[in-house]
Amino acid sequence: MGRLSTLFAPERVAVIGATDSEGSVGRAITSNLLESFDGEVVAVNPYKEVVLGLRCYDAVDDVDAPETIDVAVVVVPPNVAVEAIREAGAAGIENVVVITAGFGETGSEGAARERDLRAAAEEYDLNLVGPNSLGVMSTPKGLNATFGNEMATEGDISFMSQSGAFVTAVLDWAAERDVGFKDIVSLGNKAILDEGDFVAEWGDDPETDVILGYLEDIEDGEKFIQTAREVTQDTPIVLVKSGRTDAGASAAASHTGAMAGSERAYEAGLEQAGTLRVESVQELFDFAQILSGQPLPDGEEIAIVTNAGGPGVMTTDAVGDSDLSLAEFEDETLDRLGETMPDEANIYNPVDIIGDAPAKRFEIALETVLEDDNVSMAVVVACPTAVLSFEELAEVVTEKQQEAEMPIATTLMGGKSVGEGQDILSEAGIPNYFDPARAVDSLDALRDYGEIQAREYEAPTAFDVDRERAREILESAARRNTNRLGVEAMELLDAYGIPTPRGGVVSSPSEAQDLAEEIGDEVVMKIVSPDILHKSDIGGVEVGVPPEEVRDTYEDLVVRARNYQQDATVLGVQVQEMVDLDSGTETILGMNRDPQFGPLLLFGLGGIFVEVLEDNTVRVAPVSEPEARAMLDDIDSAPLLRGARGRDPVDEDALVETVQRLSQLVTDFPAIVELDINPLVATPDGVQAVDLRLTIDQEEL
């Protein structure tokens, strides 16, 4: 176990604010501890002499050997809670659980109090849970340091929740279904300990087989991804993450900012972390049960054995909706099923052994399909009949699963008749679901976790770049007192090795002509103004300008900009080499900085249809080479990059390298808040960044 081992396995717990007053939180916590805790409970309250039969101390430093107190549970009012934490720290207590509310969740005064609380905890290096927490539980020690009304059943699931009410609801729900837990923590406001700390702790805990969580946000996305990646190599993590709206995305200044809202950051971050994200409590525990009880499959092929045609079809539909596939039986399997099943049976997958099937017929059919090399897992679907004992069927399924060492889920579609059969299955770690779709989804989650566990994470490539030149360009924008840059910052991309067309920004017609003649062909000209975002909408872009028309075009572009916005800052005109768009594919590569996860890279189909088609994918930076390459695979228009309909395939290696180089740029410079390269033109000969737009935070420079 890690640094939080004594938090969940204490020998001595002090309740600071213990009381016997009816209906109080202090009484509930003290009573819960006395009822089940396999250790000593110490009551602290200067206004009481005895609480529920316990001698009451005025302060923790009055207790005999206060440094041997493993956990202090703080339930005093918020105005004295910070001082109570300091006293606990000074007494040598390492773990503190702050039940008290009235901190950051209550407004500016509470936020200030929470800052003081954090400072006190950091001063004494405390492992602090909360504030505003329901408390903690650990079943091996009988530890119920909460004010909930239910003690968890012992099991191998550890559970964290950002909502205390959710903990009480889950405990009530789980008790009825015989779902057991190892540790439970209500995270509260996460002033010190957050979800990453508990993931790390339970990842090192041999008694925790599955980690579950209900989260409303993640404090440090980068830390969480790194921690979870390590943990999920051995222990699955299943999360409900609430709050799926993209609030604030409409206010973003770039295409990427508009398309990569906070929800997409969570999707990408949690996927990169190796977690399984679910949408309901039902899924949370469906997945937990199969992950803790069944082996991982060696493929995605599933066999269905049923005594009912309709439920068999339902199960088949569920397979079609999943990432699993129906196994195609070998001839030997079909021959044996044909010999052993009734003539009316369907021996092809799904195997329907018809309604008069006793447990013995299920046994023969299940044994036969599990011996097929094309089968990686199975689901048994059974409806109650007069000739079928669910208890006998459960024993058959248990025996065959143990022989085959292959994952199996069951769907015993009944009510009271299921009871004893379900108990047998549960004891063997085989989950049972009334709905066959839940059984299939759970097996799909098992397959998904198998892929997560097999991942090999590579470190991001560190390219040789001119970081100082990039910093100069960003700082020059700050000196102009602007937070928006456009094509005038193209050298930023050059500094990080991202190819751009020949050209530059000029401030006079004569300079424009000189540059055009140097390029030696028709050019693209664009007005350069941080105040004009969509230049083509106001006639601020001219394509295919011959050298002899460059002077007049320069003047026209400036006039159009002034007519559009008289007070706009015009830095000049960009003169740029023409890029053959017909021979390439326009893509977009961008970044939006998420408050929790940091730089969120976006890649997809670019050009003028970028926000219409929204064919894109996102990853949290920094990304490795395999992650960058996977971004190309993710988009629906990937065939366009690979030579669809007679097109020449683009240089994918150049695209992948450009994604990695931008990843390094935005990781190196937290001041870059949003960035768009649109279009990033991909051709068979490489890539070129044609246009650039970015937003910076001057305070971060």
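See the structure printed just above.
Read on for an overview of the structure. Every value quoted in this text rests on a predicted model; they were computed, and no experiment measured them. (Residues numbered from 1 in each chain as written. Predicted model: local features only at pLDDT ≥ 70, side-chain atom pairs only at ≥ 80, totals over all residues. Heavy atoms only, no water.)

Counting its secondary structure elements, the protein chain contains 24 helices and 30 strands. With the C-alpha coordinates of the protein chain rotated into their principal frame, the extents come out at 90 × 80 × 40 Å. Looking at the protein chain as a whole, 55% of its 701 residues qualify as buried. In the protein chain, once contacts between residues fewer than 6 apart in sequence are set aside, the share between residues at least 24 apart is 71%. (Helix = DSSP H or I, 4+ residues; strand = E, 2+ residues; numbered from the N terminus. Buried < 20%, exposed > 50% of the residue type's maximum accessible area, 1.4 Å probe, protein only. Contact = heavy atoms within 4.5 Å.)

In this section: the side chain of K535. You can see K535 is positioned in the loop between β22 (523–528) and β23 (541–545). Among buried charged residues, K535 stands out as having no salt bridge; its nearest opposite-charge side chain is D691, 5.5 Å away. At 3.4 Å, the side chain of K535 and the backbone oxygen of I532 are in polar contact. (Lys, Arg positive; Asp, Glu negative; His and termini not counted. Salt bridge = Lys/Arg side-chain N within 4 Å of Asp/Glu carboxyl O. Polar contact = N/O pair within 3.5 Å; in protein donor to acceptor, adjacent residues only side chain to side chain.)

Applying the stated criterion to the full structure yields ten aromatic pairs. Consider the rings of F8 and F198, whose centres lie 6.1 Å apart with planes at 70°: the pair is edge-to-face. With a gap of 190 residues between them, F8 in helix α1 (residues 5–8) and F198 in helix α6 (residues 195–203) connect regions that are remote in the sequence. The pair F8 / F198 is uniform in exposure class, with both members buried. Put simply, the rings of F159, F166, W173, F181, Y214 and F285 touch in pairs and so form one group of aromatic residues. Across the ring face of Y266, the terminal group of K241 is positioned such that the distance to the ring centre comes to 4.2 Å. For the cation-ring pair, R467 lies above F669, with the distance from its terminal atom to the ring centre recorded as 5.5 Å. (Phe/Tyr/Trp six-rings, centres within 6.5 Å; stacked < 30°, edge-to-face > 60°. Lys NZ or Arg CZ within 6 Å of the ring centre and 35° of its normal.)

As a further point, take the packing of helix α7 (residues 221–231) against helix α9 (residues 262–273). At a minimum axis separation of 7 Å, α7 and α9 run at an interaxial angle of 30°. Between α7 and α9, the angle is such that the two are roughly parallel. Contact residues: α7 offers F224, I225, A228 and R229, while α9 offers G269, L270, Q272 and A273. Grouping the amino acids of the contact of α7 with α9 by side-chain chemistry returns five nonpolar, two polar and one charged. (Axes fitted to C-alpha atoms, helices over the stretch in contact; angles between N-to-C directions. Parallel < 35°, antiparallel > 145°, perpendicular 65-115°, else oblique. Nonpolar A, V, L, I, M, F, W, Y, C, P; charged D, E, K, R; others polar.)

Right, let's talk about helix α24 (residues 652–668) for a bit. In a regular helix each residue adds 1.5 Å, so 17 residues correspond to 24 Å; α24 covers 24 Å between its end C-alpha atoms and thus fits that length. Among the 17 residues in α24, 14 count as buried, and that is most of the element. For α24, the N-terminal cap is D651; the gap from its side-chain oxygen to the backbone nitrogen of D653 is 3.3 Å. (Expected span 1.5 Å × (residues − 1).)

Now for the sheet that holds strand β4 (residues 54–57). Across the sheet, which stays open at both edges, the seven strands sit in the order β3-β4-β2-β1-β5-β6-β7 with mixed pairing between neighbours. The open sheet is flanked by β3 (50–51) and β7 (127–129), the only strands paired with a single partner. Where β3 meets β4, two bridges bridge the pair, whose relative direction is antiparallel. Residue pairing for β4: V50 is matched across the bridge by R55. (Pairing = 2+ DSSP bridges.)

Note on placement: D183 falls in strand β11 (residues 181–186). One polar contact links D183 to S138, side chain to side chain, over a distance of 2.6 Å. A polar atom in the side chain of D183 sits 3.1 Å from the side chain of K182. With residues up to four places along the chain from it excluded, the contact list for D183 reads F8, M137, S138, I157, S158, F159, W202 and D205.

Interpretation in functional terms is not warranted from these geometric data alone.
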